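Here's the letter readout for the chains.
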Amino acid sequence: MYDLIIVGAGPAGMTAAVYAARKKLNTLLVTKDVGGQVNWTLGVENYMGYQFIEGQELMTKFEEQVKKFPIDIKIGQTAGRVSRGKDGLRIETESGTYEGRAIVVASGKRPRPLNVPGEERLRGRGVTYCSVCDGPVFTGRKVAVVGGGNSALEAVNDLVKIAERVFMVSLTPLTGDAVLIEKAQEAANLTVFTEYQVLDISGDNMVDGVRIRHLKSGEVKSLEVAGIFIEIGLIPNSELVKGLAELNDIGEVKVNCSCETSVPGLFAAGDVTDAPEKQIVVAAGEGAKAALRAHRYLQRLKS
């Protein structure tokens, strides 16, 4: 029986682990991998203390700090269902079932992939899923944004300010808010391709191009780009609490301002939640808050 079980080792999960350890909680950290989405980020320029740092390097620093504390860490373990236990909550993993008096779910989100040749191989080498994180890396270069909704339009509106040219590729007519569409269309360095699908992404060590095809005419175009921003949505990794905790209409775990879910003892932090603004620094702050609130919850159980 652990005091606290933390699921996920991205910014939220690892920050929660450090705060839990500092509160002397008997803590288990269960995770499939370390770093989460940040590992796919080529460069981070908006995390305080670092003017520029690669995503993987930042997560390595997080991991090093976590390992300075006496935390039971299970890496490579896919978390299964969270359920109510005899004296708290339990979680199933590939290696067994663990029980905790409280659990922090910080399992993050995963980008909805295009599933085209070249995407996986060039992830983090020009293929990116975060314009806020990676946009400045492509200053003065040609880039493509894939998607037609609000997140894609927001990425376009950020990138047209710094890129030489931005190509927007959407499978459908643009579906975002009218104000965002109008703002994007004002950019002289934007070319929009609607009703085009991405065929493949090319490049040896880094992205150098993308091929697209018109859905009706079959016309194929090759675009020379250094970066591709895939903005077709994110999928919350909330399956482990589905049916237990309350989720919103897109599958995010609903939390209050104290990172509490609808289940006593079950907390959530980071991108898996409905908290606004999916940023590294926000996730880290939410992870700290979740661990502190879990500690307070455990203190009340003892009293």
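Only a predicted model underlies this, so the values are computations on that prediction, with no experimental measurement involved.

(A) Representation of the side chain of Ser170. Along the chain, Ser170 turns up in strand E10 (residues 165–170). In this structure the side chain of Ser170 is engaged in a polar contact, spanning 2.6 Å, whose partner is the backbone oxygen of Thr172. Excluding anything up to four places from it in sequence, Ser170 contacts Gly147, Gly148, Phe193, Thr194, Glu195 and Tyr196.

(B) Focus on a negative patch on the surface. Negative charge collects at one region of the surface, where Glu154, Asp158, Asp177 and Glu277 lie side by side. Within the secondary structure, Asp177 is located in the loop between E10 and helix H5 (178–185).

(C) Local environment of the pairing of E10. When you tally the buried positions in E10, you get 5 out of 6 residues, the bulk of the element. Both strand E9 (residues 142–146) and E10 contribute to a ladder of 5 bridges, which runs parallel. Paired with Val145 across the bridge in E10 is Met168. Note that the unit made of E9, helix H4 (residues 150–159) and E10 has a crossover that is right-handed. Pairing of E10 with strand E11 (residues 190–194), which is carried by 5 bridges, proceeds in the parallel orientation. Within E11, the position partnered with Val166 by the bridge is Leu190.

(D) Main features of a positive patch on the surface. On the surface, a cluster of positive charge is made up of Arg22, Lys23, Arg296 and Arg300. Position of Arg300 among the secondary structure elements: in helix H6 (residues 280–302). On the basis of relative accessibility, which here comes to 47%, the residue Arg300 falls in the partly exposed class.

(E) Region of interest: the nonpolar core. If you look at the biggest cluster of nonpolar residues, it comprises 36 residues, and the most contacted ones within it are Leu4, Ile6, Met14, Tyr47, Leu58, Val66 and Phe267. Counting residues per element, the ones that place at least two in this core are strand E1 (2–7), helix H1 (11–22), helix H2 (55–66), strand E6 (96–105) and H6. A per-element tally of this core places H6 first, with 8 residues. Look past the residues within four positions of Ile6 in its chain and what remains in contact with it is Gly13, Ala16, Ala17, Thr27, Leu28, Leu29, Val30 and Val104. In terms of nonpolar packing, the next biggest core, distinct from the first, is built from 21 residues, Val82, Val105, Val255 and Val272 among them.

(F) Here's a closer look at the sheet that holds strand E15 (residues 227–230). Across the sheet, which stays open at both edges, the 5 strands sit in the order E8-E15-E9-E10-E11 with parallel pairing between neighbours. Among the strands making up the open sheet, the edge pair consists of strand E8 (127–128) and E11. Across 2 bridges, the pairing between E8 and E15 is parallel. By the bridge assignment, Thr128 is partnered in E15 with Phe229. The sheet contacts of H4 involve E9, E10, E11 and E15, and relative to E9 the element is tilted by about 165°.

(G) Highlighting the packing of aromatic side chains. Applying the stated criterion across every chain, the model contains 6 aromatic pairs. Ring centres of Phe138 and Phe229 lie 5.5 Å apart, and the angle between their planes is 75°; on these two criteria the pair is classed as edge-to-face. Here Phe229 lies in strand E15 and Phe138 lies in the loop between helix H3 (131–134) and E9, a separation of 91 residues in the sequence. Phe229 shares its class with Phe138; the two are buried. Here the aromatic rings of Phe193 and Tyr196 are separated by 5.4 Å at their centres, their planes lie at 75°, and the arrangement is edge-to-face.

(H) Representation of H2 within the structure. Helix length check: H2 (12 residues) gives 17 Å between terminal C-alpha atoms against 16 Å at 1.5 Å per residue, within 8%. Turning to H2, its buried residues number three or more, namely Gly55, Leu58, Met59, Phe62 and Val66. For H2, the angular spread of buried residues about the axis comes to 95°, placing them on one side. In this structure, the buried side of H2 is in contact with H1, strand E2 (27–31), strand E3 (72–75) and H6.

(I) Region of interest: the side chain of Thr27. Residue position: Thr27 is located in strand E2. The class of Thr27 is buried, set by a relative accessible area of 1%. A polar contact is formed between the side chain of Thr27 and the backbone oxygen of Leu25, at a distance of 2.9 Å.

(J) How the structure looks around unusual backbone geometry. With phi around 60°, Glu195 is a residue other than glycine that occupies positive phi space. Counting through the fold element by element, Glu195 comes out in the loop between E11 and strand E12 (196–202). Look at Glu195 and you get partly exposed, because its relative accessible area is 23%. For Glu277, which is not a glycine, the phi torsion comes out positive at approximately 65°. The residue Glu277 is located in the loop between strand E17 (266–268) and H6 in this model. Take Glu277: its relative accessible area is 58%, and that puts it in the exposed class.

Rules used in this analysis
- Residues numbered from 1 in each chain as written.
- Predicted model: local features only at pLDDT ≥ 70, side-chain atom pairs only at ≥ 80, totals over all residues.
- Heavy atoms only, no water.
- Helix = DSSP H or I, 4+ residues; strand = E, 2+ residues; numbered from the N terminus.
- Polar contact = N/O pair within 3.5 Å; in protein donor to acceptor, adjacent residues only side chain to side chain.
- Contact = heavy atoms within 4.5 Å.
- Patch = residues over 30% accessible without salt bridge, like charges linked within 9 Å, V, L, I, M, F, W, Y side chains within 5 Å.
- Areas by Shrake-Rupley, 256 points an atom, 1.4 Å probe, with all protein chains shown as cover.
- Salt bridge = Lys/Arg side-chain N within 4 Å of Asp/Glu carboxyl O.
- Lys, Arg positive; Asp, Glu negative; His and termini not counted.
- Charge placed at Lys NZ, Arg CZ, Asp CG, Glu CD.
- Buried < 20%, exposed > 50% of the residue type's maximum accessible area, 1.4 Å probe, protein only.
- Pairing = 2+ DSSP bridges.
- Right-handed = clockwise from strand over helix to strand, strands pointing away.
- Core = buried A, V, L, I, M, F, W, Y, C linked by side-chain atoms within 4.5 Å.
- Axes fitted to C-alpha atoms, helices over the stretch in contact; angles between N-to-C directions.
- Phe/Tyr/Trp six-rings, centres within 6.5 Å; stacked < 30°, edge-to-face > 60°.
- Expected span 1.5 Å × (residues − 1).
- Arc of directions from axis to C-beta.

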